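Spelled out, the chains give:
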Amino acid sequence: MRRLGFLDLAVVILAVFAVWTRTPVGGLGQWTWAYLSGDDSDQPTLVGFFRSEGPVRSWVEAPIAVLPPIGPADYGDGFPEPYRSALRYALPQALPAHTLEKMGTGDAPPADRLLVWLDENWDGDPSGALERVAIGPELRMRAIDRATAAGEADPELFESHRRYLPEQAERDAALLVDSVLSLATVLDLHWPVSTDVRISSPFGTRIHPVTRTEKFHNGVDLPVPLGTPLKAAQSGKIVTATENAISGKYVILEHPGGIRTAYCHLSSLPEKRAGSAVSKGETIGLSGSTGRSTGPHLHFVLRVDGKAIDPEPYRRVPRG
Amino acid sequence: MNIVSKLDASLAITRPLWHWLGQVALVILGTHLAADRLDDDLARFLSNLPIAWSDPQIPFDIGAFSALAIEFGVAIWAIRALARTAEVPITGPRDWASRWSVHNLLGPLFWLPVSLAGSWAIAMAIEDALPHGTAAQVAGWVVGGVVAWRLAGTGMVQLVRGAPVPKHRLDGLLWALPLAVVGAYAAGYGLPVWGWL
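Residues numbered from 1 in each chain as written. Chains lettered and ligands numbered in written order. Predicted model: local features only at pLDDT ≥ 70, side-chain atom pairs only at ≥ 80, totals over all residues. Heavy atoms only, no water.

Peer 1: Before we move on, could you go through the overall build of chain A and cite the residues and values that matter?
Peer 2: A tally of regular secondary structure across chain A gives nine helices and eleven strands. Here chain A, with 320 residues, has 48% of them falling under the buried criterion. With an accessible surface of roughly 14,800 Å², chain A has 56% of that area assigned to carbon and sulfur atoms. (Helix = DSSP H or I, 4+ residues; strand = E, 2+ residues; numbered from the N terminus. Buried < 20%, exposed > 50% of the residue type's maximum accessible area, 1.4 Å probe, protein only. Areas by Shrake-Rupley, 256 points an atom, 1.4 Å probe, with all protein chains shown as cover.)

Shown next as structure tokens:
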């Protein structure tokens with residue numbers, strides 16, 4: 001009979017240790033152990049063991065006025081706008097201190113040093129470039145190899161291989177990639193109607209014109225004539241194109257970086273169905289006064305990671 | 001050398017007391033790999049339903065807690081499945097056929113991909129723990145292979161050879177759906193083979 005007692009004990013210890021440190025079942029064990037031993041330090045949450053693809057981990061609202069001016073020279077030779085501006089704004093919150101230290105101790109601000117590196121190493125993939133900045137090329141390649149072996153579609157995309165990164169590396173990369181991509185998406189919004197149209201009802205708490213009660217207004221109202229073509233604020237896909245009693249006919253679009261935009265009270269919906277791709281500036285419906293509305297207008301909502309934010313700071317003529 | 005050999009033999013004798021812990025741990029690891037994907041797919045599916053969620057985080061919470069429940073459920077199933085294995089092993093295919101049940105059929109079909117996915121999870125953890133390079137990669141594959149042999153393989157053999165005599169053929173039907181879903185996810189996303197095929 002084969003013995004292999006030591007070998008079996010070693011692999012059992014290894015497997016149990018992996019469960020203890022990496023899974024919710026082990027997390028429950030850690031909770032129990034901490035309770036029994038009177039340890040009152042923070043224990044991991046059980047759902048925290050799941051690496052979520054969806055939500056953006058951090059978000060910094062970026063009023064255009066506080067961003068550094070973007071001149072033609074700032075477009076750089078590689079890493080393009082709007083990612084450059086997004087990176088400038090997101091730093092240093094979106095980059096862990098230990099990564100910043102690796103960039104060297106030159107006199108130039110971290111964003112400038114990073115942009116020089118990104119220009120020199122630009123390969124056309126913003127999320128890949130940012131990921132390399134956050135965790136280095138080796139870990140990224142290792143995760144891509146693993147995702148390829150597992151048969152993931154588009155393994156080079158950060159979203160496809162992030163779950164194959166070591167936990168801390170995934171957190172570091174997600175912080176920078178998610179922050180910059182979501183910020184860049186918002187910075188590059190196409191206003192859905194002419195930027196000359198005034199905002200009749202701003203974002204925030206207000207007295208509702210129909211119910212006369214104080215209510216949170218989760219978007220902006222843009223009074224436009226009936227039948228005005230409404231433009232997609234960014235490239236993305238249609239999540240919903242339907243109607244209800246309050247929003248009337250409405251369309252929700254999903255864009256890169258955890259951004260969603262909604263267009264409500266439309267007179268007509270797009271011919272495209274949910275799941276269809278739309279490009280930035282494409283007409284996605286005509287304005288109207290359907291649902292709970294006092295007259296023709298567009299109710300425009302901008303959400304980051306599900307949270308409604310004020311779209312007004314991003315009203316501007318789109319980049320060429 | 002003789003002492004080491006005797007110690008090894010002594011440990012081997014006590015194997016039934018602790019070996020199942022490693023086998024179950026491996027299944028939990030593989031299930032976690034599958035559940036980590038399942039919760040995202042579930043959240044995405046719920047988010048895209050025409051439902052006005054009061055908080056957009058709700059689909060993600062439902063996805064995460066569903067995956068959590070599945071993971072704990074599978075851990076209990078794995079312990080129970082090993083404990084239920086018959087003391088009198090099957091003698092051949094005909095004997096197994098006479099013990100046919102949903103549990104005896106689905107158990108090994110679930111165990112194989114999930115425990116192999118668990119072995120890969122350990123291989124990746126070993127590789128991540130070592131300095132980047134070929135040595136780390138080789139060490140990961142070697143340890144993953146040994147784990148697959150000594151835990152995934154032995155567990156699989158135990159489930160098949162020790163198929164319990166069922167009270168009725170539909171024994172295990174309640175577990176069929178979660179096991180099939182987790183097993184399919186582990187096979188689809190937890191095995192490092194699809195890129196080579």
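On we go.
Peer 1: Now, about the overall build of chain B: what can you tell me, with residues and values included?
Peer 2: A count of helices and strands for chain B gives seven helices and zero strands. Tracing chain B from N to C terminus, the helices and strands come up as α-α-α-α-α-α-α. Counting only C-alpha atoms and orienting by the principal axes, one finds that chain B spans roughly 70 × 55 × 35 Å. Per-residue burial over chain B gives 48% buried out of 197 residues. Of all intrachain contacts in chain B linking residues separated by at least 6 positions in sequence, the fraction that spans at least 24 positions is 81%. Accessible area for chain B stands at about 9,800 Å²; split by element, carbon and sulfur atoms hold 72% of it. Across chain B, the 12 positively charged side chains and the 13 negatively charged ones have centroids separated by 18 Å. (Contact = heavy atoms within 4.5 Å. Lys, Arg positive; Asp, Glu negative; His and termini not counted. Charge placed at Lys NZ, Arg CZ, Asp CG, Glu CD.)

Peer 1: Can you tell me about the interface of chain A and chain B, naming the residues and giving the values?
Peer 2: Listed per partner, the contact involves 45 residues of chain A and 57 residues of chain B. Of the roughly 4,500 Å² buried between chain A and chain B, counting both surfaces, carbon and sulfur atoms make up 65%. When the shortest N-O distance is used, the salt bridge between R163(A) and D40(B) registers 3.0 Å. Across the chain A-chain B interface, the total number found is 20 residue pairs in polar contact (both at pLDDT 80 or more). Elements that contribute at least two residues to the side of chain A that touches chain B include exactly helix 1 (5–22), helix 2 (24–36), helix 7 (137–149) and strand 5 (236–244) of chain A. Ranked by residue count, the leading element in the side of chain A that touches chain B is helix 1 of chain A, at 13 residues. Among the residues making up the side of chain A that touches chain B, the classes are represented as 25 nonpolar, seven polar and 13 charged. (Buried area = accessible area lost by both parts, 1.4 Å probe. Salt bridge = Lys/Arg side-chain N within 4 Å of Asp/Glu carboxyl O. Polar contact = N/O pair within 3.5 Å; in protein donor to acceptor, adjacent residues only side chain to side chain. Nonpolar A, V, L, I, M, F, W, Y, C, P; charged D, E, K, R; others polar.)

Peer 1: Lay out the nonpolar core in plain terms, naming residues and giving numbers.
Peer 2: In terms of nonpolar packing, the biggest core is built from 61 residues, with L87(A), L176(A), L222(A) and Y263(A) touching the most fellow members. If one sorts the elements of this core by residue count, helix 9 (residues 167–187) of chain A sits on top with eleven residues. In this view, L176(A) contacts L87(A), L91(A), A94(A), L95(A), L130(A), V133(A) and A134(A); residues no more than four positions away in its chain are not counted. Among the nonpolar cores identified, the runner-up in size contains 38 residues, and A18(A), F110(B), A117(B) and L159(B) belong to it. (Core = buried A, V, L, I, M, F, W, Y, C linked by side-chain atoms within 4.5 Å.)

Peer 1: Give me the lowdown on the confidence of the model for chain A, citing residues and values where you can.
Peer 2: Mean pLDDT over chain A stands at 83; residues scoring 70 or higher make up 86%. Below a pLDDT of 50 lies the segment residues 64–73 of chain A, which in the model reaches 14 contacts outside its immediate sequence neighbourhood of four places, other chains included. (pLDDT = per-residue confidence, 0-100.)

Peer 1: I'd like to hear about the packing of aromatic side chains, residue by residue, with values.
Peer 2: Under the criterion given, the structure shown has eight aromatic pairs over all chains. Relative to W122(A), the ring of F79(A) has its centre 5.6 Å away and its plane inclined at 80°; by these criteria the two rings are edge-to-face. In this pair, F79(A) sits in the loop between helix 2 and helix 3 (83–90) while W122(A) sits in the loop between helix 5 (110–120) and helix 6 (126–135), placing the two residues 43 residues apart along the sequence. With 5.2 Å between their ring centres and 80° between their planes, F203(A) and F216(A) make a pair best called edge-to-face. Of this pair, F203(A) sits in the loop between helix 9 and strand 1 (204–207) while F216(A) sits in strand 2 (residues 214–217), and the two are 13 residues apart along the sequence. With relative accessibility at 23%, the residue F203(A) sits in the partly exposed group. An aromatic cluster is defined as three or more aromatic residues linked by ring pairs; in this entry it consists of F79(A), Y83(A) and W122(A). A cation sits over an aromatic face here: R37(B) above Y189(B), 4.0 Å from the ring centre. Geometry around W149(B) places R150(B) over its ring, the cationic atom sitting 5.0 Å from the centre. (Phe/Tyr/Trp six-rings, centres within 6.5 Å; stacked < 30°, edge-to-face > 60°. Lys NZ or Arg CZ within 6 Å of the ring centre and 35° of its normal.)

Peer 1: For the packing of helix 2 (residues 15–47) of chain B against helix 6 (residues 134–161) of chain B, give the residues involved together with the corresponding values.
Peer 2: Residue and element names in this part refer to chain B. Following both chains from N to C, one finds helix 2 and helix 6 inclined at 100°, their axes separated by 9 Å at the closest point. By the angle between their axes, helix 2 is roughly perpendicular relative to helix 6. Counting all contacts with helix 2, which are made through R15, H19, G22, Q23 and L26, the residues of helix 6 involved are V147, R150, L151, A152, T154, G155 and Q158. Among the residues making up the contact of helix 2 with helix 6, the classes are represented as four nonpolar, six polar and two charged. (Axes fitted to C-alpha atoms, helices over the stretch in contact; angles between N-to-C directions. Parallel < 35°, antiparallel > 145°, perpendicular 65-115°, else oblique.)

Peer 1: Go over the pairing of strand 5 of chain A with me, naming the residues and quoting the values.
Peer 2: Residue and element names in this part refer to chain A. The sheet contact formed by strand 5 and strand 8 (residues 277–278) spans two bridges and is antiparallel. Each bridged residue has a counterpart across the sheet, and for G236 the counterpart in strand 8 is V278. Two strands pair when backbone bridges link them, and strand 5 and strand 6 (residues 248–255) are joined in this way by seven bridges, in the antiparallel orientation. For E243, the partnering residue across the bridge sits in strand 6 and is K249. (Pairing = 2+ DSSP bridges.)

Peer 1: Tell me what's going on with the packing of helix 1 of chain A against helix 5 (residues 102–129) of chain B, and back it up with residues and numbers.
Peer 2: For the pair helix 1 of chain A and helix 5 of chain B, interaxial distance at closest approach is 11 Å and the crossing angle is 80°. Our classification of the angle between helix 1 of chain A and helix 5 of chain B gives roughly perpendicular. Across the interface between the two elements, L14(A), A15(A), A18(A) and R22(A) from helix 1 of chain A touch I122(B), A125(B) and I126(B) from helix 5 of chain B. Taken together, the residues of the contact of helix 1 of chain A with helix 5 of chain B break down into six nonpolar, no polar and one charged.

Peer 1: So what about helix 5 of chain A? Which residues, and what values?
Peer 2: Residues and elements named next belong to chain A. Turning to helix 5, its buried residues number three or more, namely A111, L114, L115 and L118. The buried residues of helix 5 occupy one face: seen down the axis, they fall within an arc of 100°. In the core, the buried residues of helix 5 are packed alongside helix 3 and helix 6. (Arc of directions from axis to C-beta.)

Peer 1: Pulling in residues and values, what's your account of helix 7 of chain A?
Peer 2: Its 13 residues place the ends of helix 7 of chain A 18 Å apart at the C-alpha level, agreeing with the 18 Å of an ideal helix rising 1.5 Å per residue. When we look at burial in helix 7 of chain A, the residues that qualify are R140(A), R142(A), A143(A), I144(A), R146(A), A147(A) and A149(A). On its buried face, helix 7 of chain A sits against helix 6 and helix 8 (158–161) of chain A together with helix 5 of chain B. Looking at the residues trailing helix 7 of chain A, positive phi occurs at G151(A), about 80°. (Expected span 1.5 Å × (residues − 1).)

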